[in-house]
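Observations on the model geometry
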Amino acid sequence: MAADNGFLTQFVKETSFYNRIILSHLLPANLWEPLPHFLQTWLRNYLAGNLLYFISGFLWCFYIYYLKLNVYIPKDSIPTRKAMIQQIHVAMKAMPWYTLLPTVSEYMIERGWTKCYSTLDQFNWFLSLVYIVLYLVLVEFAIYWIHKALHDIKFLYKHLHATHHMYNKQNTLSPFAGLAFHPLDGILQAVPHVIALFIVPIHLITHLSLLFMEAIWTASIHDCIHGNIWPIMGAGYHTIHHTTYKHNYGHYTIWIDWMFGSLKVPLAEDDSEKTK
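Reading the values: rules and limits
- Residues numbered from 1 in each chain as written.
- Predicted model: local features only at pLDDT ≥ 70, side-chain atom pairs only at ≥ 80, totals over all residues.
- Heavy atoms only, no water.
- Helix = DSSP H or I, 4+ residues; strand = E, 2+ residues; numbered from the N terminus.
- Rg over C-alpha atoms; globule rule 2.2 N^0.38 Å.
- Buried < 20%, exposed > 50% of the residue type's maximum accessible area, 1.4 Å probe, protein only.
- Contact = heavy atoms within 4.5 Å.
- Areas by Shrake-Rupley, 256 points an atom, 1.4 Å probe, with all protein chains shown as cover.
- Lys, Arg positive; Asp, Glu negative; His and termini not counted.
- Charge placed at Lys NZ, Arg CZ, Asp CG, Glu CD.
- Axes fitted to C-alpha atoms, helices over the stretch in contact; angles between N-to-C directions.
- Parallel < 35°, antiparallel > 145°, perpendicular 65-115°, else oblique.
- Left-handed = near helix turned anticlockwise from the far one by under 90°.
- Nonpolar A, V, L, I, M, F, W, Y, C, P; charged D, E, K, R; others polar.
- Phe/Tyr/Trp six-rings, centres within 6.5 Å; stacked < 30°, edge-to-face > 60°.
- Core = buried A, V, L, I, M, F, W, Y, C linked by side-chain atoms within 4.5 Å.
- Salt bridge = Lys/Arg side-chain N within 4 Å of Asp/Glu carboxyl O.
- Patch = residues over 30% accessible without salt bridge, like charges linked within 9 Å, V, L, I, M, F, W, Y side chains within 5 Å.
- 1 Å grid on protein atoms, 1.4 Å probe; cavity = no way out; pocket = protein on both sides within 12 Å on 5 of 7 lines; lining within 4 Å.
- Points joined across faces, edges and corners; volume = space filled by probe spheres on them.

1. Digging into the overall build of the chain
From N to C terminus, the chain includes 12 helices and zero strands. Reading the helices (α) and strands (β) of the chain from amino to carboxyl end gives α-α-α-α-α-α-α-α-α-α-α-α. A globule of 276 residues ought to have a C-alpha radius of gyration of about 19 Å, and the chain, at 20 Å, matches this closely. Projected onto its principal axes, the C-alpha coordinates of the chain cover approximately 70 × 45 × 40 Å. In the chain, which comprises 276 residues, the proportion classed as buried is 47%. For the chain, contacts bridging at least 24 residues in sequence account for 70% of all contacts bridging at least 6. Carbon and sulfur atoms make up 69% of the accessible area of the chain, which amounts to about 14,400 Å² in all. Positive and negative charge centroids in the chain, built from 18 and 17 side chains respectively, lie 8 Å apart.

Structure (C-alpha cells):
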C-alpha cells in the first residue's frame, strides 16, 4: 500500500510541477497558489489550451494567407475576417469546458483509477511504443463512430454538431474552425482519449501531449490544403466532409472510413467536379 501511495504521489508531484511551470509564468502567485490543486490544474489547462489555439491558428493563417498567398489558397477562397472572428468566438465560449476534460482525466490518473504510468520503469521502450499505437487505434476507432453518430442522429446533429458545420465551404473554413464546436460536441469527440486510459497503459506526458495536440491537429485539417500524405486524413479529406456531410468521419487516418465505406478521396472529388 505504501508503494501504491508513493506511486500516486508521483503523479500529483508531476502535475503540480506542470502547474507551476505554466501558472508562474503567466499569473501572479497570489492569483493561483491559494487555489485547490484541481482548480490549479484546470487553470493551467485553460491557459495552455488558449495559447496553443491562438499561436497555432495565427501563425498558420499568417503563413498560408499572407506569406504564401495564392500558393496554397487562391485569394478569393481565403475566409473573411468576420468568419474567422466568429470561429474564435465559438471556440472561446467552449474553451473552459474543453479544458475541463484533461483536468478530470488528470484527477482520475492521480487517484490510480487508470492504467496510466509516470515512469518507464514498468515497461521497455518497445512495449511503450506498442501501447501508444494501440491507444491511437482505440482513439481513432471511437472518434469515427462518435463523429458519425453526431451526423446520423438528428437530435445530436441539430443541437450539437450543426454549430461546427456552419462552416461548410472552402471560403468559410480556416484553422480557427478547428475548435469551433458546441462545448459538449468537442468534449464527446475528445472523450476517447480518456476512455483509452482505462484500457491501454500510457505515459502521463504522452496522454496529455496527445490530448493537447488535438488543438494543432484540428487546426491543420481545417485549412483546406490537401497534403496528400497517405494514409493521413488531412485537410483535403476533411474539406469534403464539410461539403458532403456524409464522408470522411475519421480523425487521423483514412482506415476506418475505408473499412466502413464512407471514404471519399479528394482527387476523385476534383475529377467529378471537372467532369460536371
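2. Considerations on the packing of helix α6 (residues 125–152) against helix α8 (residues 183–195)
Relative to each other, α6 and α8 sit at 155°, their axes nearing to 7 Å. As the angle between them shows, α6 and α8 are arranged roughly antiparallel. Relative to α8, the crossing made by α6 is right-handed. Between α6, through Tyr135, Val139, Ala142, Ile143, Ile146, His147 and Leu150, and α8, the contact on the second element is made entirely by Asp185, Leu188, Gln189, Pro192 and His193. Taken together, the residues of the contact of α6 with α8 break down into eight nonpolar, three polar and one charged.

3. So, the packing of aromatic side chains
Counting across every chain of the model gives 20 aromatic pairs. Residues Phe54 and Phe58 carry aromatic rings whose centres are separated by 6.0 Å and whose planes lie at 15° to one another, so their mutual orientation is stacked. Remark: Phe58 and Phe54 occur in helix α3 (residues 37–67); sequence separation between them is four residues, near one turn of the helix. With relative accessibility at 48%, the residue Phe58 sits in the partly exposed group.

4. Some thoughts on the nonpolar core
Residues Tyr53, Tyr65, Ile73, Tyr98, Tyr167, Phe176 and Leu179 are the most contacted members of the largest nonpolar core, which totals 23 residues. Sorting the residues of this core by element identifies α3 and α4 (81–98) as the ones contributing at least two each. For this core, the element with the highest residue contribution is α4, accounting for seven residues. Apart from residues lying up to four places away in sequence, Tyr65 is in contact with Ile73, Ile78, Pro79, Met84, Leu173, Ser174 and Pro175. Core analysis: the next-biggest nonpolar cluster, separate from the first, contains 18 residues, Tyr18, Cys116, Ile143 and Val200 among them.

5. With respect to the pattern of salt bridges
Tallied over the full model, the rule gives three salt bridges. A salt bridge links Arg44 to Glu106; the nearest nitrogen and oxygen atoms lie 2.8 Å apart. With a gap of 62 residues between them, Arg44 in helix α3 and Glu106 in helix α5 (residues 100–110) connect regions that are remote in the sequence. Using a relative accessible area of 1% as the deciding quantity, one classes Glu106 as buried. Ionic pairing is found between Lys148 and Asp152, a salt bridge with its closest N-O pair at 2.7 Å. Linking Lys148 with Asp152, this pair stays in helix α6, spanning four residues, or about one helical turn.

6. Here we look at a nonpolar patch on the surface
A cluster of nonpolar side chains, contributed by Phe38, Leu39, Trp97, Leu100, Val104, Tyr107, Trp113, Leu138, Ile195, Phe198 and Ile199, occupies part of the molecular surface with about 970 Å² of accessible area. When residues of the nonpolar patch are traced back to their parent elements, those giving at least two are α3 and α5. If you tally residues by element for the nonpolar patch, the top one is α5, at three residues. With respect to the helices and strands, Ile195 occurs in helix α8.

7. Brief notes about empty space enclosed by the protein
Summed over all chains, the structure comprises one cavity of 30 Å³ or more. Each pocket or cavity is described by its volume, and for the largest cavity that value is around 470 Å³. Taken together, 27 residues make up the lining of the largest cavity; nearest its centre are Leu179, Gly186, Ala190, Glu214 and Thr218. At the level of secondary structure, the elements contributing two or more residues to the lining of the largest cavity comprise α4, α5, α6, α8 and α9 (204–220). Among the elements that line the lining of the largest cavity, the one with the most residues is α9, at five residues. For the lining of the largest cavity, a count of residues per class yields 14 nonpolar, 12 polar and one charged.

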